[in-house]
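# Structural overview
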Amino acid sequence: MPQKNISFGVNLEEFAEKTDKKGCFSGILVNYNHKTLALGYYRFNKGSMKNNEGKTMLLLYNHAGNNIPVGTCMGYETEKGFEIEAQLQLTQDESGAYLNSNAAALYDLMKNQGAKFELSAGGIISKGGSKEETVDGRKIYYYSIDEFNAHEGSITPKGAVQGSKITKVFGENGGDGRMGENLTLESMQKLLAKFTQEMMGAQTDEQIKGLPAKFTELQEQFKSIENTINTEFKDGLEAKFKEINEVIKGLKVGYSATKQEISDAEAFFCMLKEMDAKGTGVEIEFSMNNEIKNFATPSTGDTPNAIKPKYVETILTRLQAKNSVMARISFLPIGDNSVVIPREMLGLPECGIVGELDERTETKGVKLDNVTINLFQFYCMPAVSNRLLAVNFVGYLNFLMSRVEYAWSLFISDKMFTGTGVNQPKGILVDTNIAEIELDLTVTGSDLADKILEIYYSMRTEIAEKSTWDMTRAMWAEIAKLKNDRKDFYITDLNTGNSRTLMNRPVNIIESDVLKNPNTAAAGDYLITFGYWEEGMIGVINPNLNLKITDQITTKGITKYYMEKLLGFGVQLPENFIKIKKKTA
């Protein structure tokens, strides 16, 4: 297991000054019996601090990023936990002056001025791992620490904002820095990833019905830490919570569906029942040109109710609503397997003067002679809980459809970047007709700003003014450090404005790994794209939807089915895009 660095703190009000030792404070630093998890994620097991007994550690005063030595601390193992004594250096010379004036000033603040501090300790988890357990009927997730190697202690001013901490991080190489958001984000992101995995894999009634309560717990944990992270990172977590909430909202108590959600659920319910009536392995092509039996509304006469399979018509809109990249392009409905877009339809119409001698051309500024967009079979294989379908088909099917659309739209949008063109559409990162620019990640400040200007102005003005930047959160963090004091360079982040913009164009954060983190990218990896997708890429879609049952697990009350949609996309105007990759050596 890789070693893991963490830092945590406790209020010094919980420590008491010894009556016989001036400036010596003692108390429990790590409570093995405490129900609250350290940093909301870590649990110290009994004996995990044992190897730190008798270790004399430097005590630092951490203020405004400066680490000032003010004494020493030593700890020992007890049944309750790891108890520590922190001794401020209050030695005086012959004249009565303190040898360590910083320690004396700190002591005065604590003892006489009532200033509040916390004692933090940092180090490396050398043994441990992720765990889960059930408490009061609810699953909790935490990191179980079996062995912790402490380095130094640190006295820090208690944060004015509830939950905020100014603590110290200890690296394996002996270096240190401010904890900032890193640990908080890592913990929250791991919990979100774990929940997302459960959400996407939940099949049994108990697993599915338990999702809202687990999600509420996660939301509560996020509320407890949201004031400790900057607006940029907070926005990323809020966006993820919003995405997940849209998927599971149908399972929540008191869920009130919109008319459109009810209509989609009824149509999909009837499609599932129609599929069920046909039996396992029979593929049905649903089309808006045909009607199916309305299983949602019982017939009141001799003529059975019929309904259009409206979900066939709305699925594209629902997919695009789940993913901002997929929402950028238009999809043309076609009945054939492919469509050829002639060169004459791609570019700007040629203009000229009657009587000119130069040979006329019909289009202008187009790199391609024509574009062929093929349909491909995109499929998904979900499972249906028959009991939940019978009890609350509107709420349950909203969850089921949203879960499928969430996964499907992410897969499709990723292929819009990385599709190979072999048995799948070709994405912009693979299309060799799109211009590339190399970015040297060793440059900073004005050099990086100049490179961004080069990227922006290498595209035609009328295209650049409508384009969008795509990059990872880590790449944006590097760019957001640049100063916005140049008249030719403009940048806003969520800490200084209501939206992310670079050169007055929106910045979209890509959470998947189609674009790479600049800190871990290899030479040649793509870091950023800049493009006007709305005209640069076009999609095609077959208006029908195919369904078939693949397996009926009656013992578990689950029906697995196959869902297929024919669609495709491709670059029609390469000049609408620029790819930025890490510079090769």
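It should be noted that the structure appears before, not after, this text.
Let me sum up the structure you'll find in this document.

Conventions and cut-offs
Residues numbered from 1 in each chain as written. Predicted model: local features only at pLDDT ≥ 70, side-chain atom pairs only at ≥ 80, totals over all residues. Heavy atoms only, no water. Helix = DSSP H or I, 4+ residues; strand = E, 2+ residues; numbered from the N terminus. Buried < 20%, exposed > 50% of the residue type's maximum accessible area, 1.4 Å probe, protein only. Contact = heavy atoms within 4.5 Å. Areas by Shrake-Rupley, 256 points an atom, 1.4 Å probe, with all protein chains shown as cover. Core = buried A, V, L, I, M, F, W, Y, C linked by side-chain atoms within 4.5 Å. Pairing = 2+ DSSP bridges. Expected span 1.5 Å × (residues − 1). Arc of directions from axis to C-beta. Axes fitted to C-alpha atoms, helices over the stretch in contact; angles between N-to-C directions. Salt bridge = Lys/Arg side-chain N within 4 Å of Asp/Glu carboxyl O. Parallel < 35°, antiparallel > 145°, perpendicular 65-115°, else oblique. Nonpolar A, V, L, I, M, F, W, Y, C, P; charged D, E, K, R; others polar.

### Focus on the overall build of the protein
Across its full length, the protein holds 13 helices and 31 strands. Put simply, the protein has 585 residues, and 47% of those count as buried. If you take every contact in the protein between residues at least 6 apart in sequence, the share linking residues at least 24 apart comes to 71%. Total accessible area on the protein stands at roughly 29100 Å², and carbon and sulfur atoms take up 48% of it.

### Some words on the nonpolar core
If you look at the biggest cluster of nonpolar residues, it comprises 75 residues, and the most contacted ones within it are Phe268, Leu397 and Met563. Per-element tally for this core: the top contributor is helix H9 (residues 393–418), with 13 residues. Apart from residues lying up to four places away in sequence, Leu397 is in contact with Ala265, Phe268, Phe269, Leu272 and Leu389. Of all hydrophobic cores here, the second largest spans 30 residues; its members include Leu439, Tyr456, Val507 and Ile580.

### A few points about the pairing of strand E30 (residues 558–571)
Burial analysis of E30 places twelve of its 14 residues in the buried class, the great majority of the element. Bridge count between strand E20 (residues 376–380) and E30: five bridges; the pairing is antiparallel. Within E30, the residue paired with Phe376 across the bridge is Leu567. As judged from the three bridges shared by strand E21 (residues 383–385) and E30, these two strands associate in the antiparallel manner. Each bridged residue has a counterpart across the sheet, and for Ala383 the counterpart in E30 is Lys560. When strand E28 (residues 537–541) meets E30, the two strands line up antiparallel, connected through five bridges. Paired with Gly539 across the two strands is Phe569, which belongs to E30.

### With respect to unusual backbone geometry
Positive phi, normally seen in glycine, also occurs at Met503, with a value near 55°. Tracing the sequence through the fold places Met503 in the loop between strand E25 (501–502) and strand E26 (505–509). One non-glycine residue, Asn504, lies in the positive phi region at around 65°. Of note, Asn504 is situated in the loop between E25 and E26.

### Quick word on helix H10 (residues 445–457)
Relative to the 18 Å expected for 13 residues at 1.5 Å per residue, H10 spans 19 Å between its end C-alpha atoms, a close match to the ideal helical length. Here H10 has its buried residues at Leu448, Ala449, Ile452, Leu453, Ile455 and Tyr456. Along the axis of H10, the buried residues cluster in a sector spanning 160°; they form a single face.

### Some details on the sheet that holds strand E31 (residues 577–582)
The strand order across the open sheet formed by seven strands is E22-E31-E27-E23-E26-E25-E24, and the pairing between neighbours is mixed. The open sheet has two free edges, formed respectively by strand E22 (435–439) and strand E24 (491–492), since each of these has just one partner strand. This element, H10, spans E22, strand E23 (468–471), E25, E26, strand E27 (526–531) and E31 of the sheet and lies at about 180° to E22.

### Quick word on the pattern of salt bridges
All chains considered together, the criterion is met by 18 salt bridges. Glu261 serves as the salt-bridge partner of Lys249, at 2.9 Å between the closest nitrogen and oxygen. Of this pair, Lys249 sits in the loop between helix H5 (231–248) and helix H6 (259–278) while Glu261 sits in helix H6; the two residues are twelve residues apart in sequence, bridging distant segments of the chain. Assessed through its relative accessible area of 11%, Glu261 is described here as buried. Notably, a salt bridge pairs Arg318 with Asp264, separated by 3.0 Å at the nearest N-O pair. One end of the pair, Arg318, is in helix H7 (residues 311–322); the other, Asp264, is in helix H6, with 54 residues separating them in the sequence. Given the relative accessible area of 2%, Asp264 is considered buried. One network of salt bridges, in which partners are shared, links Asp264, Arg318, Lys322 and Glu405.

### So, the environment of Gly201
Mapped onto the elements, Gly201 comes out in helix H2 (residues 182–201). Beyond its immediate sequence surroundings of up to four residues, Gly201 is in contact with Gln207 and Arg403.

### Concerning the pairing of E26
The buried count for E26 comes to four of five residues, which makes it a mostly enclosed element. Looking at chain direction, E23 and E26 are connected through three bridges and run parallel. Across the sheet, Asp470 pairs through a bridge with Asn508, a residue of E26. Bridge count for E25 against E26 is two bridges, and the pairing is antiparallel. What sits directly across from Leu502, in E26, is Arg505. Counted between consecutive antiparallel strands, the loop separating E25 from E26 contains two residues, among which Met503 sits at a positive phi close to 55°.

### Some remarks on the packing of H5 against H9
Where H5 contacts H9, the axes come no closer than 7 Å and their chain directions differ by 135°. Relative to H9, H5 is oriented oblique. Along its contact with H5, which presents Lys240, Glu243, Glu246, Val247 and Ile248, the element H9 presents Asn398, Phe399, Ser402, Arg403 and Tyr406. Residues belonging to the contact of H5 with H9 are distributed by class as follows: four nonpolar, two polar and four charged.

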